[in-house]
Amino acid sequence: MAGRMPRQRLLSWQAVRTWARLIREAEGLWRVDVRDLRRVGAHELGQLLQEVPPRLRRRVNLWLERLNVSTRLP
């Protein structure tokens, strides 16, 4: 059982980091001056914000701070 704990923590860490990176990428698209790309970026960001599991939101927010993005999860 003790061997599972580090693996679960690693998987959780990877999931949190992945969510934060996806949000950062969506924000980057939103900032582009091309209207269509902004629309796609806003749509992707909205989808991501809805899909982040509630139990991971606090940790995703920590990664978002480290990645210097303005989005934060409630």
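Everything numeric here is computed off the predicted structure, so don't read it as measured data.

Peer 1: Account for the overall build of the protein chain, naming residues and giving values.
Peer 2: Check the secondary structure of the protein chain and you find three helices and zero strands. The N-to-C order of helical and strand elements in the protein chain reads α-α-α. Buried positions account for 26% of the 74 residues belonging to the protein chain. When contacts within the protein chain are restricted to residue pairs at least 6 apart in sequence, those whose partners lie at least 24 apart make up 58%.

Peer 1: I'd like a rundown of the environment of Asn 68, residues and numbers included.
Peer 2: The residue Asn 68 is located in the segment after α3 (57-66) in this model. Along the backbone, Asn 68 and Ala 42 are 26 residues apart, and their C-alpha atoms lie at a distance of 18 Å.

Peer 1: Break down the nonpolar core for me, citing the residues and quoting the values.
Peer 2: Counting residues in hydrophobic clusters, the biggest one holds 14 residues, and the most contacted among them are Trp 19, Ile 23, Val 52, Val 60 and Leu 64. Residue assignment for this core shows that the elements contributing at least two residues are α1 (4-31), α2 (35-51) and α3. Among the elements that line this core, the one with the most residues is α1, at five residues.

Cut-offs applied
One numbering rule holds for all chains: residues counted from 1, following each sequence as written. Local features are withheld for residues below a pLDDT of 70 in this predicted model, meaning they are given only at 70 or higher, and side-chain atom pairs are given and counted only at 80 or more; totals for whole chains, interfaces and linings count all residues. Hydrogens are left out, water is left out, and the side-chain values use all remaining heavy atoms of the structure. By the criteria applied, helices consist of DSSP H or I runs no shorter than four residues and strands consist of E runs no shorter than two, each listed in order from the N terminus. Working definition: with a 1.4 Å probe on protein chains only, accessible area under 20% of the residue-type maximum means buried, over 50% means exposed, and in between means partly exposed. Should any heavy atoms of two residues lie within 4.5 Å, those residues are counted as being in contact. What we call a nonpolar core is a set of buried Ala, Val, Leu, Ile, Met, Phe, Trp, Tyr and Cys residues that are connected through their side-chain atoms within 4.5 Å.

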